[in-house]
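# Results of the structural survey
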Amino acid sequence: QVQLAESGGGLVQAGGSLRLSCVASGDILDINAMGWYRQAPGKQRELVANMVSGQSANYADSVKGRFTISRDNAKNTVYLDMNSLKPEDTAVYYCNADVIILYTSRFVEVWGQGTLVTVSS
(Lines give C-alpha, C1' and ligand atoms only; values in the text may rest on other atoms or scores of the structure.)
Protein backbone atom coordinates (compact mmCIF):
# COMPACT_ATOMS: atom_id res chain seq x y z
CA GLN A 1 0.00 0.00 0.00
CA VAL A 2 1.18 3.50 -0.86
CA GLN A 3 0.12 6.80 0.64
CA LEU A 4 0.66 10.40 -0.45
CA ALA A 5 0.72 13.12 2.18
CA GLU A 6 0.37 16.73 1.03
CA SER A 7 1.15 19.87 2.98
CA GLY A 8 1.62 23.56 2.43
CA GLY A 9 -1.79 24.81 1.39
CA GLY A 10 -3.39 27.86 2.91
CA LEU A 11 -4.66 31.37 2.39
CA VAL A 12 -2.51 33.90 0.56
CA GLN A 13 -3.06 37.27 -1.03
CA ALA A 14 -2.83 37.73 -4.77
CA GLY A 15 0.77 38.11 -5.83
CA GLY A 16 1.97 35.97 -2.95
CA SER A 17 3.71 32.61 -2.87
CA LEU A 18 3.18 29.15 -1.42
CA ARG A 19 5.07 25.89 -1.50
CA LEU A 20 3.27 22.58 -1.61
CA SER A 21 4.97 19.35 -0.61
CA CYS A 22 3.94 15.74 -1.15
CA VAL A 23 5.65 12.73 0.37
CA ALA A 24 5.04 9.19 -0.84
CA SER A 25 5.38 6.36 1.63
CA GLY A 26 4.68 2.63 1.77
CA ASP A 27 5.67 -0.34 -0.35
CA ILE A 28 7.49 1.61 -3.04
CA LEU A 29 10.02 0.09 -5.40
CA ASP A 30 10.21 3.14 -7.64
CA ILE A 31 8.17 6.17 -8.69
CA ASN A 32 7.80 6.79 -12.41
CA ALA A 33 6.00 10.12 -12.22
CA MET A 34 4.84 12.60 -9.62
CA GLY A 35 2.78 15.68 -10.12
CA TRP A 36 0.07 18.05 -9.06
CA TYR A 37 -3.52 18.46 -10.18
CA ARG A 38 -6.09 20.94 -8.99
CA GLN A 39 -9.85 21.20 -8.86
CA ALA A 40 -11.63 24.51 -8.45
CA PRO A 41 -15.27 24.67 -7.33
CA GLY A 42 -17.58 23.65 -10.14
CA LYS A 43 -14.71 22.68 -12.43
CA GLN A 44 -13.03 19.47 -13.50
CA ARG A 45 -9.74 18.35 -12.06
CA GLU A 46 -6.85 19.55 -14.23
CA LEU A 47 -3.14 18.92 -14.48
CA VAL A 48 -1.01 21.68 -13.00
CA ALA A 49 2.45 20.17 -13.43
CA ASN A 50 4.16 16.80 -13.41
CA MET A 51 7.56 15.23 -13.75
CA VAL A 52 8.18 11.86 -15.36
CA SER A 53 11.49 10.24 -14.51
CA GLY A 54 14.10 11.13 -17.10
CA GLN A 55 11.95 13.76 -18.77
CA SER A 56 11.50 17.47 -18.38
CA ALA A 57 8.61 18.89 -16.43
CA ASN A 58 5.19 19.55 -17.92
CA TYR A 59 3.11 22.57 -16.97
CA ALA A 60 -0.37 23.80 -17.67
CA ASP A 61 -0.25 26.94 -19.80
CA SER A 62 -2.00 28.87 -17.06
CA VAL A 63 0.88 28.36 -14.61
CA LYS A 64 3.93 28.48 -16.86
CA GLY A 65 6.45 31.02 -15.61
CA ARG A 66 4.80 31.21 -12.18
CA PHE A 67 4.90 27.65 -10.81
CA THR A 68 7.90 25.33 -10.55
CA ILE A 69 7.74 21.62 -9.85
CA SER A 70 10.68 19.71 -8.43
CA ARG A 71 11.35 16.22 -7.12
CA ASP A 72 13.62 14.80 -4.46
CA ASN A 73 13.78 11.16 -5.51
CA ALA A 74 15.76 10.13 -2.44
CA LYS A 75 12.88 11.35 -0.26
CA ASN A 76 10.03 10.28 -2.59
CA THR A 77 8.90 13.89 -2.47
CA VAL A 78 7.55 16.35 -4.99
CA TYR A 79 7.27 20.08 -4.48
CA LEU A 80 5.29 22.80 -6.17
CA ASP A 81 6.56 26.35 -5.75
CA MET A 82 3.79 28.75 -6.62
CA ASN A 83 4.60 32.41 -7.20
CA SER A 84 2.58 35.38 -8.39
CA LEU A 85 -0.56 33.63 -7.26
CA LYS A 86 -3.87 34.76 -8.69
CA PRO A 87 -7.41 34.36 -7.37
CA GLU A 88 -8.06 31.93 -10.23
CA ASP A 89 -5.42 29.61 -8.74
CA THR A 90 -7.81 28.96 -5.86
CA ALA A 91 -8.50 25.22 -5.77
CA VAL A 92 -7.89 21.99 -3.97
CA TYR A 93 -4.48 20.76 -5.09
CA TYR A 94 -3.97 17.00 -5.32
CA CYS A 95 -0.70 15.14 -5.45
CA ASN A 96 -0.51 12.25 -7.92
CA ALA A 97 2.07 9.54 -8.41
CA ASP A 98 2.64 6.53 -10.65
CA VAL A 99 4.28 4.04 -8.33
CA ILE A 100 5.90 0.67 -8.88
CA ILE A 101 4.91 -1.52 -5.94
CA LEU A 102 7.61 -3.35 -4.03
CA TYR A 103 7.82 -7.12 -4.62
CA THR A 104 5.23 -7.06 -7.39
CA SER A 105 6.56 -4.61 -10.02
CA ARG A 106 2.95 -3.48 -10.57
CA PHE A 107 2.26 0.10 -11.56
CA VAL A 108 -0.42 1.83 -9.53
CA GLU A 109 -1.70 5.38 -9.66
CA VAL A 110 -2.04 7.00 -6.25
CA TRP A 111 -3.77 10.23 -5.21
CA GLY A 112 -3.37 12.35 -2.13
CA GLN A 113 -6.35 13.71 -0.21
CA GLY A 114 -5.77 17.25 -1.39
CA THR A 115 -4.74 20.54 0.15
CA LEU A 116 -6.72 23.74 -0.22
CA VAL A 117 -5.09 26.82 -1.69
CA THR A 118 -7.08 30.03 -1.44
CA VAL A 119 -5.86 33.21 -3.11
CA SER A 120 -7.63 36.39 -2.07
CA SER A 121 -7.85 39.43 -4.30
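This report concerns the structure included in the present document. (Residues numbered from 1 in each chain as written. Predicted model: local features only at pLDDT ≥ 70, side-chain atom pairs only at ≥ 80, totals over all residues. Heavy atoms only, no water.)

Here the focus is the nonpolar core. Judged by nonpolar contacts, the single largest core of 32 residues is most densely connected at Trp36, Leu80, Met82 and Tyr93. Among the secondary structure elements, those contributing two or more residues to this core are β1 (2–7), β3 (18–26), β4 (28–39), β5 (46–52), β7 (67–72), β8 (77–82), β9 (91–101) and β11 (115–120). Broken down by element, this core gets its largest block of residues, 6 residues, from β9. In contact with Leu80, not counting residues within four places along its chain, are Leu18, Arg19, Leu20, Trp36, Val48, Ala49, Phe67, Thr68, Ile69 and Tyr93. (Core = buried A, V, L, I, M, F, W, Y, C linked by side-chain atoms within 4.5 Å. Buried < 20%, exposed > 50% of the residue type's maximum accessible area, 1.4 Å probe, protein only. Helix = DSSP H or I, 4+ residues; strand = E, 2+ residues; numbered from the N terminus. Contact = heavy atoms within 4.5 Å.)

Right, let's get into the state of the cysteines. Under the defined criterion, the tally for this structure stands at 1 disulfide. The disulfide partner of Cys22 is Cys95, and the S-S distance across this bridge is 2.0 Å. The S-S bond linking Cys22 to Cys95 shows a torsion near -85°; that makes this disulfide left-handed. A residue pair is termed long-range when its members are at least 10 positions apart, and Cys22 in strand β3 and Cys95 in strand β9 qualify at 73 residues. (Disulfide = S-S within 2.5 Å.)

A few words now on the pairing of β11. Along any regular strand the residues' side chains alternate between the sheet's two faces. Covered by surrounding structure in β11 are Thr115, Val117 and Val119 only, the residues Leu116, Thr118 and Ser120 on the alternate face being uncovered. The sheet contact formed by strand β2 (residues 10–13) and β11 spans 4 bridges and is parallel. Bridge pairing in β11 places Gln13 opposite Ser120. (Pairing = 2+ DSSP bridges.)

To continue, consider the pairing of β7. Residues of β7 alternate between two faces, with Phe67, Ile69 and Arg71 buried on one and Thr68, Ser70 and Asp72 left unburied on the opposite face. Pairing of β7 with β8 involves 6 bridges; the strand directions are antiparallel. The residue bridging Ser70 from the neighbouring strand is Tyr79, located in β8. Hairpin remark: β7 followed by β8, antiparallel, with 4 residues in the connecting loop; positive phi at Asn76, about 50°.

Take the pattern of salt bridges next. By the definition in use, this model includes 5 salt bridges. When the shortest N-O distance is used, the salt bridge between Glu46 and Arg38 registers 2.7 Å. Overall, Arg38 belongs to the buried group, its relative accessible area being 6%. With a shortest N-O distance of 3.1 Å, Lys64 and Asp61 are connected by a salt bridge. No difference in accessibility class separates Lys64 from Asp61, as the two residues are exposed. Through salt bridges with shared partners, a single ionic network connects Arg38, Glu46, Arg66 and Asp89. (Salt bridge = Lys/Arg side-chain N within 4 Å of Asp/Glu carboxyl O.)

Without other data, these values stay purely geometric and don't point to any function.
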